Amino acid sequence: MNKELRQAVIAGNWKMNKTRPEAKALIEELKPIAEKASCGVVICVPFTNLETAVELTKGTNIKVGAENVHFEKSGAFTGEISADMLTEIGVEYVIIGHSERRQYFGETDETVNKRTKAALAAGLKPIVCVGELLWERECNITEEVVARQIKLDLFDVSAEDVKKTIIAYEPVWAIGTGKVATAEQAEEVCKLIRDVLAKLYDKETADAVTIQYGGSMNPKNAAELLAQEDVDGGLIGGASLKAADFGVLLDEASK
Ligand code: PEP
């Protein structure tokens, strides 16, 4: 990555894991490990653990994120959580458009765009996930798919706001599968995303955006992935559930 232009951020995505006691234990283990990181450190936790995480991380360098947010401010949306509800309790980040939400919960680029704008309006930093299916990669349309997602997901988002947004490139075939993209594949698509941003906005804006790689990143493969020019950290699922593993990724992103 280019440290002069942007910050590397390692963000954990706990998904639907950790009861409150388990969350407390993991955060306590993580605090001394994260302390020495010079990259950004974020943990995105289930809604039920958000207040606990905010409380336990006060005064540390660990920031807390949610795993989803609704786009309306309030109203008849049973089961949903608004951006104001998140900021009110001290949440700073939110994952939007994760492939599991696209796959299992009918998330579309239109709703990703609405959630992203609602999050930014409330002062949250969105982590917007994009990435191709295995079938799309095999059909050689990765570039088209990812460019289209970026254009739709960021439609009507200002240059000022896009600089507060993190993009996570997550090839769907690499998430939770143990199949990691090669460093070249990760760099190729992260660079493509930056080029699309430069066309949509300008080079200075594109250079300021943190673009993560996500998909089976772990202590063994992190160094090579994170050494790529346009890979500015990672969105981490499985390896964020073990403090020691997450710590290795923080060390690598801090180099
Ligand atoms: C993710 O959930 O965003 C992810 C990248 O998961 P994993 O690291 O387990 O592949």
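Look up a bit, the structure's there.
I will try to describe carefully the structure that is included in this document.

Criteria and thresholds
Residues numbered from 1 in each chain as written. Predicted model: local features only at pLDDT ≥ 70, side-chain atom pairs only at ≥ 80, totals over all residues. Heavy atoms only, no water. Helix = DSSP H or I, 4+ residues; strand = E, 2+ residues; numbered from the N terminus. Rg over C-alpha atoms; globule rule 2.2 N^0.38 Å. Buried < 20%, exposed > 50% of the residue type's maximum accessible area, 1.4 Å probe, protein only. Salt bridge = Lys/Arg side-chain N within 4 Å of Asp/Glu carboxyl O. Axes fitted to C-alpha atoms, helices over the stretch in contact; angles between N-to-C directions. Parallel < 35°, antiparallel > 145°, perpendicular 65-115°, else oblique. Left-handed = near helix turned anticlockwise from the far one by under 90°. Contact = heavy atoms within 4.5 Å. Nonpolar A, V, L, I, M, F, W, Y, C, P; charged D, E, K, R; others polar.

## A closer look at the overall build of the protein chain
Move 1: The number of helices and strands found in the protein chain is 12 helices and 8 strands.
Move 2: By the compact-globule yardstick of 18 Å for 255 residues, the protein chain fits well, its C-alpha radius of gyration being 17 Å.
Move 3: For the protein chain, the spread of C-alpha atoms along the three principal axes comes to 45 × 45 × 35 Å.
Move 4: Within the span of the protein chain, comprising 255 residues, buried residues form 54% of the whole.

## So, the pattern of salt bridges
Move 1: On inspection of all chains with the given rule, the structure shows 19 salt bridges.
Move 2: Taking the shortest distance from any N to any O, the salt bridge between Lys 164 and Glu 160 comes out at 4.0 Å.
Move 3: Between Asp 195 and Lys 191 there is a salt bridge whose closest N-O contact spans 3.1 Å. Here Asp 195 and its partner Lys 191 are both found in helix 9 (residues 183-200), 4 residues apart, which amounts to about one turn of the helix.
Move 4: Taken together, the salt bridges that share partners define one network made up of Arg 6, Arg 194, Asp 230 and Asp 232.

## What to know about the packing of helix 1 (residues 20-34) against helix 2 (residues 50-57)
Move 1: Taken N-terminus to C-terminus, the directions of helix 1 and helix 2 make an angle of 25 degrees; their axes are 10 Å apart at the nearest point. Relative to helix 2, the element helix 1 lies roughly parallel. At the point where helix 1 passes helix 2, the crossing takes the right-handed sense. Here Arg 20, Lys 24, Ile 27, Glu 28 and Lys 31 of helix 1 lie close against helix 2, whose contacting residues are Thr 52, Ala 53, Leu 56 and Thr 57.
Move 2: Looking at side-chain class alone, the contact of helix 1 with helix 2 contains 3 nonpolar, 2 polar and 4 charged residues.

Interpretation in functional terms is not warranted from these geometric data alone.
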